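Close look at the chain arrangement
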Amino acid sequence: MAESAVTFFVEKLDNFILQEASIFGEVEGQIKLLRNELDWIRLFLRDADSKRIYDERIKVWVNQVRNAIHDAEDVIDEFILNVDHRERRLNTLKFLKCLPTCVGFIDKFPFIHELDSRVKDINGMIGAIMANRSKYSLEVSSSSFAIDRDRVVTHNEKRPPIVEETDVVGIEDGINELKQMLMNEEKRRSVVSIVGMGGLGKTTLAKKVYNLRDVQGHFDCKAWAYVSQEFRARDILLDIAHNVMPHKKTKKLKGMEEVRLGEELCKYLKGIEKEEKEKKYLVVMDDVWSSDIWSRLCSYFPAVENGSKVLITTHNKEIALRATSQRFIYELPLMNVRKKNAKSCMGVLALSYNDLPYYLKSCFLYCGIFPEDSNIEASKLIRLWLAEDFIQRRGKERLEDIAEDYLHELIDRNLIQVAKRRIDGGVMSCCMHDLLRDLAISEAKDSRLFDGSMWVRHWGYLQEHIKLLTVLSLEGKYCDYILPREIGELIHLKFLCIKGNVISELPSSIGRLRMNSYLGVEQLTNLQTLALKGGSWLEGDGLGKLTQLRSLAIGE
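Now for a description of the structure that goes with this document. Source: prediction; values computed, not measured.

Considerations on the pattern of salt bridges
- Applying the stated criterion to the full structure yields 23 salt bridges.
- When the shortest N-O distance is used, the salt bridge between Glu264 and Arg260 registers 3.6 Å. Of this pair, Glu264 and Arg260 both sit in helix 10 (residues 258–270), four residues apart, which is roughly one turn of that helix.
- We classify Glu264 as buried; its relative accessible area is 6%.

In structure tokens form, the structure reads like this:
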């Protein structure tokens, strides 16, 4: 999550440098220093973010980095806000047109001086935080992100699965369906996958099927390999070889490298040595976290025409689809998680979250902002992600299309569930399991994700936090709102949604809905989403100034 915060801020800083090129020369030294430091921080955070759950010291260090980044972002946003207010004042006075253009720059000079001073302070703070990494001997690497996760592991110690649910709801249906998949008449070696969120009982289900007498008798040899996030491909191959090959043959395998070991395993299964018959095999690869592991190992499982099978368990449907087709995928329903196992499940869920690429972490955590057991409108969620700058550009693709890909990836990883689909098969609404929502809220609070967004019922609550707000959603079935002129000062606002009822009997202390003739909405030039009740504010050409608008909804 900290890495994503840095990445998003780097993009904002780059945009700021382009937009404020006229003043950049005055603060160039400090801004460049900050920009360069951020590149290094991002590399270290890629490793530190995954280690913070094991080391409290690293967690403190990551939090300090993240707080410094948030402070730096506030400095930039406040500078933009102050300059915008000053320019509006000059434009209102019609004064700037009468003077040389240099007056505009001179008028900004106090803000430029303050910006330079505050960025200098931020750089000093970041420098001290980075120095603490060495001072307190924190093992945080800048290069681990580039190393193949399957070749070099974060922990060399082999350990059993973290959670194994023994009381799985509806397991008999799953056993019968998987038994049929494994024992069908498909001759060519095929892959069967069990997919489900951590703690649903994937391993339990796989073991029950694996141990069935019918399944045991159906194959010549069988092997079970626990994969997880932490093992070398060679170790997996060695585990499988020890299960399927005679002991006298496995002695010579110990010193072999991965490729040679894989080739020996493949030759044995094909029955090439001493004209033995080819083996009808069943190999289980439990808890697969990366599609790379299957890509690396699949060639060592020969595609013999005898009905051999490979069974994979994974939390990520995308991994399953890369290894097999939809008809050979069994998905565990979310109802399998029982409350009594909630505590043990949280550890697995945290691993699923930490396994997310940085660009998905913020999107996942943001879903925790919605009420428990609510259906989340997919199009609204996407607009919110856009407003929060969570979506990274990919060439000429529309941001909405990229955001939809993010949503599908979270669904494939079983972190978000589809509640309802559109006629064309797209996602109309989605929902979040209670345990995942708890995880999202916990991580979001820890990372200060919601500092720039507020879902509130009363304008007064915003007074202390108003200036840098990016998302404002005032929605309440029985609530009415007074929108003051000051709404036009929220220049960073990208998402504005006001929904409420007119109830004339409400006491004056609560206030009735009043749409001022001049709301200042047209001054919110960064708005991407606008949902308001119609009124006199629609008159004139105000909406034409909202050039960033991507979604407009006007109610009655």
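Some words on the sheet that holds strand 2 (residues 221–228)
- Across the sheet, five strands lie side by side as 2-3-4-1-5; this open sheet has parallel pairing. A single partner strand is all that each edge strand has here, and the edge strands are strand 2 and strand 5 (329–331). Adjacent strand axes in the sheet meet at a mean angle of 15 degrees when their direction is disregarded.
- Relative to strand 5, strand 1 (residues 190–195) is paired through three bridges, and the arrangement is parallel. Of the residues in strand 5, the one forming a bridge with Ile194 is Tyr330.
- The strands touched by helix 6 (residues 202–210) within the sheet are strand 1, strand 2, strand 3 (281–288), strand 4 (309–314) and strand 5, with strand 2 carrying the most contacts at an inclination of about 170 degrees.
- This element, helix 8 (residues 233–244), spans strand 2 and strand 3 of the sheet and lies at about 160 degrees to strand 2.

Thoughts on the packing of aromatic side chains
- With the rule as written, the count across this model stands at seven aromatic pairs.
- When the centroid spacing of 6.0 Å and the interplanar angle of 15 degrees are considered together, the rings of Trp294 and Phe301 count as stacked. Just as Trp294 is buried, Phe301 falls in that class too.
- Geometrically, the ring pair formed by Tyr366 and Phe390 is edge-to-face, given 5.6 Å between the ring centres and 80 degrees between the ring planes. Of the two residues, Tyr366 sits in helix 14 (residues 358–366) while Phe390 sits in the loop between helix 15 (378–387) and helix 16 (399–412), which places them 24 residues apart along the sequence.
- Taking relative accessible area as the criterion, Phe390 reaches 5% and is therefore assigned buried.
- One aromatic cluster in this structure is built from Tyr281, Trp294 and Phe301.
- Positioned over the ring face of Tyr268 is Lys279, at 4.3 Å from the centre of the ring.
- We note Lys361 situated over the ring of Tyr353; from NZ or CZ to the ring centre the distance is 5.5 Å.

Regarding the nonpolar core
- Formed by 68 residues in total, the largest nonpolar core has its most connected members in Leu205, Phe364, Trp385, Ile391, Leu407 and Leu410.
- If we ignore the near neighbours within four places in the chain, the residues touching Leu410 are Leu356, Leu360, Cys363, Phe364, Trp385, Leu415 and Ile416.

Considerations on the pairing of strand 3
- Within strand 3, eight of the eight residues are buried, which leaves the element mostly enclosed by the surrounding structure.
- Pairing of strand 2 with strand 3, which is carried by seven bridges, proceeds in the parallel orientation. Across the sheet, Ser228 pairs through a bridge with Val288, a residue of strand 3.
- Summarising the sheet, strand 3 and strand 4 pair through five bridges and their orientation is parallel.

Re the side chain of Asn414
- As for its placement among the helices and strands, Asn414 is situated in the loop between helix 16 and strand 7 (417–421).
- Relative accessible area serves as the criterion here: at 12%, Asn414 is assigned to the buried category.
- For Asn414, the contacting residues outside a window of four places in its chain are Val195, Gly196, Met197, His315 and Leu436.

Procedures and definitions
Residues numbered from 1 in each chain as written. Predicted model: local features only at pLDDT ≥ 70, side-chain atom pairs only at ≥ 80, totals over all residues. Heavy atoms only, no water. Salt bridge = Lys/Arg side-chain N within 4 Å of Asp/Glu carboxyl O. Helix = DSSP H or I, 4+ residues; strand = E, 2+ residues; numbered from the N terminus. Buried < 20%, exposed > 50% of the residue type's maximum accessible area, 1.4 Å probe, protein only. Pairing = 2+ DSSP bridges. Axes fitted to C-alpha atoms, helices over the stretch in contact; angles between N-to-C directions. Contact = heavy atoms within 4.5 Å. Phe/Tyr/Trp six-rings, centres within 6.5 Å; stacked < 30°, edge-to-face > 60°. Lys NZ or Arg CZ within 6 Å of the ring centre and 35° of its normal. Core = buried A, V, L, I, M, F, W, Y, C linked by side-chain atoms within 4.5 Å.

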